[in-house]
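Descriptive structure summary
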Amino acid sequence: MNDPGVTPATPPKFDDAPGVIGIAPGELPPLPDSILTEPESGRHDPRIWFRDPSLPFELEIGCGKGTFILEESRARPDANFLGIEWEHEYYSYSADRLRRVSAPNARMLRADATEFLRWRCPSAIVRVIHLYFSDPWPKSRHHKNRVVQDRFLADAWRVLLPGGELRIVTDHSEYWAWMEERFARWTAPERAPEIPVLIPTPAFERMAYQKTTAAGEGELVGTNFERKYRREGRPFHSCVLRKPG
Ligand SMILES: C[S@@+](CC[C@H](N)C(=O)[O-])C[C@H]1O[C@@H](n2cnc3c(N)ncnc32)[C@H](O)[C@@H]1O
């Protein structure tokens, strides 16, 4: 029975369907103390979160309102898609959209995607990492927050399957120049000091970006940011880094 003296808690704005669509940070086991000396001790295979864990596995970093993961997972039921979004509002908004269409092959994780790749994701399990319109963090003192860093490229290389791809599109010319500087090191035959010795060089092959299955007429990906910036007439930059197979 309701106690009339107690104000009921505000219902959540969106239903992120815990256990079905949304995976909250607390659902992962705590990182063990041994994590720094034994990085493998913190790994957790995300493929088990899907109805059919044997399907090829793709990740989207920074889903925003979830349009890409929603449309691409419906267009390609033969792959599993994990969307990683750290902002609670966008995480639950995207999960709520996926719940409404009962997507069996798409789930949302609320986490810092760079941390997830570094500490949690097992090696060589991901077919594609999608990174679209990643936050540019334009001020120099914030550049450390950009997703694309040498460390991120090392982690992406580790988690990708041989032949796996990192697909990137951005509108931001200055962030693109920053990415290009790093991509040049990671696609060069000679080893730059930033490339860990265990990674054979060239670490990636660079290829042209091909539009996604669910992209609409004249679109590359079909995310909310792409649609907004396209209306503004902004040019886009894109590429694919492929881990040699
Ligand atoms: C500019 S928005 C683009 C959203 C969407 N990809 C699109 O194109 O419409 C970038 C998104 O990435 C998320 N994000 C940025 N860094 C992240 C990180 N390290 N881990 C998870 N999400 C991140 C932000 O919260 C934001 O929702």
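Refer to the structure presented above.
Predicted, not measured: the structure shown is a model, and the values here were computed from it. (Residues numbered from 1 in each chain as written. Predicted model: local features only at pLDDT ≥ 70, side-chain atom pairs only at ≥ 80, totals over all residues.)

**Details of the overall build of the chain**
Under the convention used in this document: Secondary structure elements follow DSSP: runs of H or I of four or more residues count as helices, runs of E of two or more count as strands, with numbering from the N terminus. Restricting the calculation to C-alpha atoms gives the radius of gyration, and the globule rule supplies 2.2 Å times the number of residues raised to the power 0.38. The burial label depends on the number of other C-beta atoms within 10 Å of a residue's C-beta. Counts of 20 or more mean buried, 12 or fewer mean exposed, and intermediate counts mean partly exposed, with C-beta atoms placed from the backbone. We call two residues in contact if the C-beta atoms placed from their backbones are at most 7 Å apart.
In terms of regular secondary structure, the chain is built from 6 helices and 8 strands. Counted from the first residue to the last, the chain has its helices and strands arranged as β-β-α-β-α-β-α-β-α-β-α-β-α-β. Taken over C-alpha atoms, the radius of gyration comes to 19 Å for the chain, in line with the 18 Å a tight globule of 245 residues would show. Structurally, the chain occupies a C-alpha span of about 70 × 50 × 40 Å along its principal axes. For the chain, buried positions account for 34% of its 245 residues. Across the chain, contacts joining residues at least 24 apart in sequence account for 72% of those joining residues at least 6 apart.

**A look at the site of the ligand**
As a reminder of what qualifies: Note on definitions: a residue is near a molecule or strand provided its C-beta atom, placed from the backbone, lies within 6 Å of it. For this classification, the nonpolar set comprises Ala, Val, Leu, Ile, Met, Phe, Trp, Tyr, Cys and Pro, the charged set comprises Asp, Glu, Lys and Arg, and every other residue, Gly included, is treated as polar.
In the vicinity of the ligand lie 21 residues, with Gly62, Gly64, Phe133, Thr223 and Phe225 positioned nearest. For the shell around the ligand, the elements supplying multiple residues, two or more each, are strand S3 (80-85), helix H3 (113-120) and helix H6 (224-231). No other element matches H6, which puts 3 residues into the shell around the ligand. Split by residue class, the shell around the ligand holds 10 nonpolar, 6 polar and 5 charged.

**Quick notes on the nonpolar core**
As a reminder, the rule being used: Think of a nonpolar core as buried Ala, Val, Leu, Ile, Met, Phe, Trp, Tyr and Cys residues chained together by C-beta atoms that fall within 7 Å.
In terms of nonpolar packing, the biggest core is built from 49 residues, with Ile84, Met108, Val126, Ile129, Ala156, Leu160 and Leu166 touching the most fellow members. Other than its neighbours up to four places away in sequence, valine 126 contacts Phe57, Glu58, Leu59, Val159, Leu160, Leu161 and Gly164.

**What to know about the environment of leucine 131**
Mapped onto the fold, leucine 131 is located in strand S5 (residues 126-132). Note: C-alpha distance between leucine 131 and proline 18 (113 residues apart in sequence) is 24 Å. Here leucine 131 is in contact with Ile61, Val147, Leu166, Arg167 and Ile168, once residues within four sequence places are set aside.

**Some points on the environment of alanine 103**
Turning to its location among the elements, alanine 103 is positioned in the loop between helix H2 (88-100) and strand S4 (106-110). Along the sequence, alanine 103 and asparagine 80 sit 23 residues apart, while their C-alpha atoms lie 9.9 Å from each other. Apart from residues no more than four positions distant in its own chain, alanine 103 is found in contact with Ser73, Arg74 and Leu98.

**Here we look at H3**
We count it as follows: This arc is built from the directions going out from the helix axis to the C-beta atoms.
Along H3, the residues classified as buried are Ala113, Thr114, Phe116 and Leu117. Seen end-on, H3 carries its buried residues on one side only, within an arc spanning 165 degrees. On its buried face, H3 sits against strand S2 (57-61), S3, S4 and helix H4 (150-159).

**Some thoughts on unusual backbone geometry**
Phi is mostly negative for residues that are not glycine, and the peptide bonds are mostly trans. Proline 202 follows threonine 201 through a cis peptide bond whose omega is -5 degrees. Mapped onto the fold, proline 202 is located in the loop between helix H5 (173-186) and strand S7 (205-207). Residue serine 102 is not a glycine yet carries a positive backbone phi of 50 degrees. Examined against the element boundaries, serine 102 turns out to sit in the loop between H2 and S4. We classify serine 102 as exposed; it has 10 C-beta atoms within 10 Å.

**Description of the packing of H3 against H4**
Quick note on the threshold: Between N-to-C directions, angles span 0 to 180 degrees; the directions come from axes that are lines fitted to C-alpha atoms, helices contributing only their stretch in contact. Roughly parallel refers to an angle under 35 degrees, roughly antiparallel to one over 145, roughly perpendicular to one between 65 and 115, and oblique to any angle outside these ranges. It is the rotation of the near helix from the far one that decides the hand of a crossing: anticlockwise by less than a right angle makes it left-handed, clockwise makes it right-handed.
In the contact formed by H3 and H4, the axes pass within 9 Å of each other and the chain directions differ by 55 degrees. Taken together, H3 and H4 sit at an angle that is classed as oblique. In the packing of H3 onto H4, the handedness of the crossing is left-handed. From H3, Thr114, Leu117 and Arg118 reach across to H4, where they touch Phe152, Asp155, Ala156 and Val159. Residue composition of the contact of H3 with H4, by class: 4 nonpolar, 1 polar and 2 charged.

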